[in-house]
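# Breakdown of the fold
Listed below are the residues making up each chain.
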Amino acid sequence: MHSTHRNAIGRVVAGYLSALVIGTGLLMTPAATVAPGGISLLSALFTATSALSVTGLVVLDTGGDFTLFGQIVILSLIQVGGLGVILLTTLLALVVAGRVGFRLRQSVATETKSGAIGGIKPMVLRVVSLTLAVELAVASALFLRFLLHYDETPARAAWDAIFHAISAFNNAGFGLRSDNLMRYVTDPLICGPIAAAVIVGGLGYPVLIELLHRYRLPLTWSMTTRAVVVFTPVLLIGGTVFIAAIEWNSPGTLGPLDWWGKIQAAAFQSTITRTAGFNSIDIAQLHPVTWFGIDILMFIGGGPAGTAGGVKITTVLVLGAMAWTEISGGRAVNLLGRRISRSIHRQATTVIILAIGLIIAATMVIMLDAPELGFDRILFEVISAFGTVGLSTGITADLPPLSQVVIILTMAAGRLGPVTVASALALRSRPVRFELPKERPLIG
């Protein structure tokens, strides 16, 4: 990879680490927590990493253990972490534009509807405006509900609304209640706006921008937009049916609710697995089969270049298209009416293999460190960390220090790893000086 490309990715990682150090330091101050003398370095680092990587796993109660100042620090890290995704995308676009020259610069200007050939700045401004607009709309809806229905004071209702709106749009999953959103399980005016914000944030900024500009021209949508728009509902509905079918009569989850409440709770939890981390039912009481199904949804995640984590919908679809082409005996890999280049085959395969390898390694280390927690719970925790989801079966606070460090590294890798790996592969430029002779090994 060219040194300019390495420097670009290096600056992204350096910026992430700088924000992490500042956030950790602020959370360690006595003013950030109710505990005398502040919290430990490990607890502060865990919380800061979870917020900055918009994950939502917690070792302390956000609403009970942190002061208003501490909550503001956490919310700031969430906002920085969420917007950092588009800043990374913009930075990489600049690098690519600098390499391939005028044609891509012209394309970027066209996509952002800007008159300038280097139309990156207008794109950033549009993304920031879109982020703030969605967060404001969701916060307004939640404010009215908290104020009028739950009799909160205007100041309390405003803070609850702002915190949950930003946490939802950035797919963070941090809440200010010890039971997260379980007390609102059958309230569509709380769960609805939060779920909507999660979906919008998880679509990905390129998809949102294209939908805003070309919503009447679906035939002109890019493959990324079509893939995300088509398969997001498939995953949401499939997850809802799956959770409802397994948990319908479970006394610890959906069982006590009426039929409409069960559908609401299942739909909300299916949405959240895409990777927000809120919960309106007790995750610890779910059937192990439900945990495993949620593992799959968390691993997939949402759309590329958005606030969601996971390996992304497009990556999984490319792998699926490759498998179908091989099974059906086709020659070219096609997806949604377009042919996928071979370089994308390699990128998707690499991201999936590295993700699975990271999950396996992290799971093994935690199993050695805390075998009493059980394989299914540990695997759930690790995939939740990698997918920057934040759902937990309740073992996060009980993890030994080494296991907490593993989760911290997994959250950071889940936020930075897939996008930096994919970008490095996309930006590399290595001339081929020779090729080895071909041979076909036996497969399967």
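Within an unreviewed UniProt entry, the label attached to the protein chain reads Potassium uptake TrkH family protein, and the organism entered is Brevibacterium celere. Here the protein chain is described in UniProt, under the heading Subcellular location (unreviewed entry), as follows: "Cell membrane".

Let's shift gears to the overall build of the protein chain. The secondary structure content of the protein chain amounts to 16 helices and 2 strands. Taking all 444 residues of the protein chain together, 52% fall into the buried category. For the protein chain, restricting intrachain contacts to residue pairs at least 6 apart in sequence, the fraction spanning at least 24 positions comes to 69%. Approximately 20,500 Å² of the protein chain is accessible, and the part contributed by carbon and sulfur atoms is 68%.

This part covers helix 12 (residues 288–300). Because the α-helix completes a turn every 3.6 residues, residues three or four places apart line up on one side. For helix 12, with 13 residues, the first-to-last C-alpha span of 19 Å sits near the 18 Å given by 1.5 Å per residue. For helix 12, the full list of buried residues reads T290, W291, G293, I294, D295, L297, M298, F299 and I300. Buried residues in helix 12 make contact with helix 10 (223–247), helix 13 (313–328), helix 14 (342–369) and helix 15 (375–386). Directly beyond the C-terminal end of helix 12, a positive phi value near 80 degrees is found at G301.

Axis separation between helix 8 (residues 188–203) and helix 11 (residues 259–272) bottoms out at 9 Å; the angle between their running directions is 25 degrees. One finds that helix 8 runs roughly parallel with respect to helix 11. Crossing of helix 8 against helix 11: the hand is left-handed. Residues P188, C191, I194, A195, V198 and I199 of helix 8 form the contact with helix 11, whose participating residues are Q264, F268, T271 and I272. Each residue belonging to the contact of helix 8 with helix 11 can be placed in one class, and the counts come to 8 nonpolar, 2 polar and no charged.

We now examine the nonpolar core. One finds I194, F268, F278, F299, L391 and I407 to be the most contacted residues of the largest nonpolar core, which totals 74 residues. The next biggest cluster of nonpolar side chains, apart from the first, holds 24 residues, and it includes Y16, I74, I78 and A172.

A positive phi is found at V54, a non-glycine position, where the angle reads about 45 degrees. Structurally, the position occupied by V54 is in the loop between helix 2 (41–52) and helix 3 (62–65). One non-glycine residue, N180, lies in the positive phi region at around 60 degrees. Examined against the element boundaries, N180 turns out to sit in the loop between helix 7 (154–169) and helix 8.

Counting across every chain of the model gives 6 salt bridges. Ionic pairing is found between D187 and R145, a salt bridge with its closest N-O pair at 3.0 Å. Of this pair, D187 sits in the loop between helix 7 and helix 8 while R145 sits in helix 6 (residues 120–148), and the two are 42 residues apart along the sequence. The shortest N-O distance in the salt bridge between D179 and R183 comes to 3.3 Å. On the accessibility criterion, R183 (47% relative accessible area) is partly exposed. Taken together, the salt bridges that share partners define one network made up of E152, R156, D160 and R177.

All right, on to the packing of aromatic side chains then. Throughout the structure, instances matching the rule amount to 7 aromatic pairs. When the centroid spacing of 6.3 Å and the interplanar angle of 55 degrees are considered together, the rings of F146 and Y150 count as tilted. These aromatic residues form a ring-pair network of at least three members: F146, Y150 and Y184. When the ring centre of F146 is taken as origin, the NZ or CZ atom of R177, which lies over that ring, is 6.0 Å away.

One can find G175 in the loop between helix 7 and helix 8. Using a relative accessible area of 9% as the deciding quantity, one classes G175 as buried. Between the alpha carbons of G175 and D61 there is a distance of 8.9 Å; along the sequence they are 114 residues apart. Among residues more than four places away in sequence, those in contact with G175 are T62, G63, F163, H164, N180 and F278.

Tracing the backbone shows H345 in helix 14. Accessibility expressed as a relative area gives 11% for H345, which makes it buried. Reaching out from H345, the side chain makes a polar contact with the backbone oxygen of I340 at a distance of 3.1 Å. Beyond its immediate chain neighbours, meaning those up to four positions away, H345 contacts V318, M322, V333 and I340.

About the thresholds
- Residues numbered from 1 in each chain as written.
- Predicted model: local features only at pLDDT ≥ 70, side-chain atom pairs only at ≥ 80, totals over all residues.
- Heavy atoms only, no water.
- UniProt positions renumbered as here; feature names shortened; annotations may be inferred.
- Helix = DSSP H or I, 4+ residues; strand = E, 2+ residues; numbered from the N terminus.
- Buried < 20%, exposed > 50% of the residue type's maximum accessible area, 1.4 Å probe, protein only.
- Contact = heavy atoms within 4.5 Å.
- Areas by Shrake-Rupley, 256 points an atom, 1.4 Å probe, with all protein chains shown as cover.
- Expected span 1.5 Å × (residues − 1).
- Axes fitted to C-alpha atoms, helices over the stretch in contact; angles between N-to-C directions.
- Parallel < 35°, antiparallel > 145°, perpendicular 65-115°, else oblique.
- Left-handed = near helix turned anticlockwise from the far one by under 90°.
- Nonpolar A, V, L, I, M, F, W, Y, C, P; charged D, E, K, R; others polar.
- Core = buried A, V, L, I, M, F, W, Y, C linked by side-chain atoms within 4.5 Å.
- Salt bridge = Lys/Arg side-chain N within 4 Å of Asp/Glu carboxyl O.
- Phe/Tyr/Trp six-rings, centres within 6.5 Å; stacked < 30°, edge-to-face > 60°.
- Lys NZ or Arg CZ within 6 Å of the ring centre and 35° of its normal.
- Polar contact = N/O pair within 3.5 Å; in protein donor to acceptor, adjacent residues only side chain to side chain.

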